[in-house]
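These are the residues of each chain, in order.
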Amino acid sequence: MENNKSYFGEIGAAIKTLATGMKVTLIEYFTPKVTEQYPENRKTTLHVAQRHRGRLVFKRNEDESHNCVACTMCEKACPNDTIKITAHMEEDPETGRKKKKLDDYQYDLGDCMFCQLCVNACNFDAIEFTNDFENSVFDRNKLVCHLDKEVYKGGSLPNILDGGAPLTIGKFNTKTK
Amino acid sequence: MFDFSIVTKWFDALLSQTLGLPSFWTILIECVLIGLLVLTAYALICIVLIFMERKVCAYFQCRVGPMRVGPWGIFQVFADVLKMLIKEIFTVDKSDKLLYAIAPFLVMIASVGTFSFLPWNKGMHILDFNVGIFLVTAISSIGVLGVFLAGWGSNNKYSVVSAMRAAVQMISYEVSLGLCLICAVILTGTMQMSGIIEAQTGPWKWLIIQGHIPAIIAFIVFLIAGNAEANRGPFDLGEAESELTAGYHTEYSGMGFGYYYLAEYLNLFVISGLASAVFLGGWAPLNVGITGFDNLMNMIPGFVWFFGKTFMLVWILMWVRWTFPRLRIDNLLKLEWKYLMPLMLFVLVLTTCCVAFGLTF
Ligand code: SF4
Ligand code: SF4
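Each chain carries its own residue numbering, running from 1 in the direction its sequence is written. Chain A is the first chain written and ligand 1 is the first ligand written, with later ones labelled in order. Predicted model: local features are reported for residues with pLDDT of at least 70 only, side-chain atom pairs are reported and counted for 80 or more only, and whole-chain, interface and lining totals are derived from all residues. Remark: hydrogens and water are excluded; side-chain values derive from all non-hydrogen atoms of the structure.

Looking now at the overall build of chain B. Check the secondary structure of chain B and you find 15 helices and zero strands. Against the globule reference of 21 Å for 361 residues, chain B gives a C-alpha radius of gyration of 21 Å, in line with a compact fold. Principal-axis analysis of the C-alpha atoms places the extent of chain B at approximately 65 × 55 × 45 Å. Exposed residues in this analysis have more than 50% of their type's maximum accessible area, buried residues have under 20%, and partly exposed residues fall in between, with area computed by a 1.4 Å probe over protein chains only. In chain B, which comprises 361 residues, the share counted as buried stands at 51%. We call two residues contacting when some pair of their heavy atoms lies within 4.5 Å. Put simply, of all contacts in chain B between residues at least 6 apart along the chain, 78% involve residues at least 24 apart. Here chain B displays about 16,200 Å² of accessible surface, and carbon together with sulfur accounts for 75% of that area. Positive charges come from Lys and Arg alone, negative charges from Asp and Glu alone, with His and the N- and C-terminal ends not counted. Every charge is mapped onto a representative atom, which is NZ of Lys, CZ of Arg, CG of Asp or CD of Glu. The averaged location of the 21 negative side-chain charges in chain B is 8 Å from the averaged location of its 20 positive side-chain charges. Per the convention used, a helix needs a DSSP run of H or I reaching at least four residues, while a strand needs a run of E reaching at least two, with both numbered from the N terminus. C-alpha atoms define the radius of gyration, and 2.2 Å times the number of residues to the power 0.38 defines the globule rule. Per-residue and other accessible areas follow the Shrake-Rupley method at a 1.4 Å probe size, with only the shown protein chains counted as cover for residues.

This brings us to the packing of helix H4 (residues 97-115) of chain B against helix H6 (residues 142-153) of chain B. How two helices pack is summed up by the angle between their axes together with the distance between the axes. All names here are of chain B. Axis lines are fitted to C-alpha atoms, over the contacting stretch for helices. Their N-to-C directions set the angle, which ranges from 0 to 180 degrees. Running from N to C, H4 and H6 point in directions that differ by 160°, and their axes come no closer than 7 Å. In terms of orientation, H4 and H6 fall into the roughly antiparallel class. For the pair H4 and H6, the crossing hand works out as left-handed. Where H4 abuts H6, its residues Leu99, Tyr100, Ala103, Leu106, Val107, Ile109 and Ala110 lie against Ile142, Gly143, Leu145, Gly146, Val147, Leu149, Ala150, Trp152 and Gly153. Here the angle decides the label: under 35 degrees means roughly parallel, over 145 means roughly antiparallel, 65 to 115 means roughly perpendicular, and every other value means oblique. The sense of a crossing depends on the near helix, which, turned anticlockwise from the far helix by less than a right angle, makes the crossing left-handed and, turned clockwise, makes it right-handed.

Put simply, a residue is near a molecule or strand once any heavy atom of it comes within 4 Å of that molecule or strand. Surveying the vicinity of ligand 2 reveals 13 residues, the closest of which are Cys68(A), Cys71(A), Thr72(A), Cys74(A) and Cys122(A). All residues other than Ala, Val, Leu, Ile, Met, Phe, Trp, Tyr, Cys, Pro, Asp, Glu, Lys and Arg, Gly among them, are scored as polar; the first ten of these are nonpolar and the last four charged. Across the shell around ligand 2, the residue classes tally to 12 nonpolar, one polar and no charged.

Here we come to the interface of chain B and chain A. Taken residue by residue, the interface counts 17 residues in chain B and 21 residues in chain A. Broken down residue by residue, the surface that chain B buries against chain A is led by Tyr59(B), Cys62(B) and Tyr339(B), which jointly contribute 31%. Put simply, a salt bridge is a Lys or Arg side-chain nitrogen that is within 4 Å of an Asp or Glu carboxyl oxygen. In this structure, the connection of chain B to chain A is made through zero salt bridges. Think of a polar contact as two N or O atoms within 3.5 Å of one another; within protein, one of them needs to be a possible hydrogen donor and the other a possible acceptor, and neighboring residues in sequence only count if both atoms come from side chains. Remark: the boundary between chain B and chain A carries six residue pairs in polar contact (both at pLDDT 80 or more). Within the residue set of the side of chain B that touches chain A, elements represented by two or more residues are helix H2 (23-60), helix H14 (302-321) and helix H15 (329-356) of chain B. Here the side of chain B that touches chain A is built from residues that sort into 13 nonpolar, one polar and three charged. The term buried area means the drop in 1.4 Å probe accessible area that two parts suffer when joined, counted for both and summed.

This brings us to H4(B). Because each turn of an α-helix spans 3.6 residues, side chains separated by three or four positions in sequence point in the same direction. The span you would expect from a helix comes to 1.5 Å times its residue count less one. Under the 1.5 Å per step criterion, the end-to-end length of H4(B) is 28 Å for 19 residues, consistent within 8% with the ideal 27 Å. What the bend at a residue measures is the angle between two axes, fitted to the seven residues ending there and to the seven starting there. Ala103(B) marks where H4(B) bends most, by close to 30°; the proline Pro104(B) follows one to four residues later.

All right, on to the domain arrangement of chain A then. Residue ranges assigned to each domain were obtained from an automatic or database domain assignment. Its domain assignment divides chain A into domain 1 (1-31) and domain 2 (57-128 + 140-151). For domain 1 of chain A and domain 2 of chain A, the distance between their C-alpha centroids amounts to 58 Å.

So, on to the site of ligand 1. Around ligand 1 there are 13 residues in total, and Cys78(A), Cys112(A), Cys115(A), Gln116(A) and Cys118(A) lie nearest to it. Across the shell around ligand 1, the residue classes break down as 11 nonpolar, two polar and no charged.

Structure, rendered in structure tokens:
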């Protein structure tokens, strides 16, 4: 508001702006609420976008093998030292060529800041983010995952990988348990 | 219209005549009973208000509010009270122990004191002096002391700053508040609470209609000043969380803080109650001069009218609180001293002229 108004002009302008504010909140009072009632709606109306970065997993081929060649590009890209890769060199008995073999792919979920730099750094399309977000545990050590050891199949919630229920905003979710 | 004084008279007669108690004991028993009733009502209304505030605030901000404890979250307040009761109460080193301890009680005394003036029903006033309105403003000022002593006694410079701001604000707004009430006194010709309501019974007799323009302005100013007086947003400078973390009650824990919290909500109710009593007729039903309609309205008990009007005003004040951002201290004082107070002085003259020339309904 400009400050060059007269005493009464200011009063008029003030009343106008105040009334505008009151109008906005009154409309808001009657609009449907957007709050999601979380544990109630986890099986019904919960929507989690597929590209939501919940945690890192290995992509799996049909035979459940993974693409990681232990090149440590992801480890180097990670600003947090979240990923720790241990590998050793192994000679292929047929061809005689030396190849790096992955021993352990340690991913500490508690350290990750979900920046996706590791996924971008990977040239072999070996890792991806899943939208499975329920990661709460009582002990931080439980958050240390070994991605090469686990075969990740679906989330902890039904059809969460497809994004759960379709996205609807403004539905009061408690009653639809 | 049901007259509650029948009940009180009966009870008085029961004690003094049927039981034959001397007047000292009669009065003592009655005082204790009334005191208990007032405190119970105080606590109950406070619970309702806190719950209401949280829900209303949530709805204004497009969220749901407490939902976990009990269906629709109705037991949340009880859970919070329990939490507050089991918190440790500590005192601050090198604080003024006495002032620190009595400050919450001063705030409570002011709040319960003004609370007792509210006219619940016909014949159901707890305190009904012939200078009632005058006394309300006097007793409500004790709260300023409580707020200021809390800040002063805490041995915390931020609390002192906050207490000074709160005190300055409450003292300033008391001026317009008093002027609004004086307008009502001029219009009704009495300072007694029951008299003010009595003057508003009958068709189109609510003060806001009776006194038309000056009364409406006084009513609005009363709500604004009352909101500031109760230290509520947008005038809640006293507890500017973002700037001072909490304000004058920073150093209070557990129920010490709880009292301030309680008093804040009850002050909201008291202000709304006073506004509804003085300007909207209190327990007086809506009468329009058509006999059938009036009789129907008179069937509704007075306290329903009173609570209806009061909670409507409470809702409006909450609406205001959750709409506007907090004011800066200089803006706040500017609003009072440059706008509200001169306006009210003008309205005072206007009211007097209206009454003098018989321009009221
Ligand atoms: S998302 Fe970021 S922080 Fe997390 S593992 Fe990948 S690079 Fe590290
Ligand atoms: S996940 Fe990708 S970037 Fe990381 S070590 Fe394996 S192949 Fe290399």
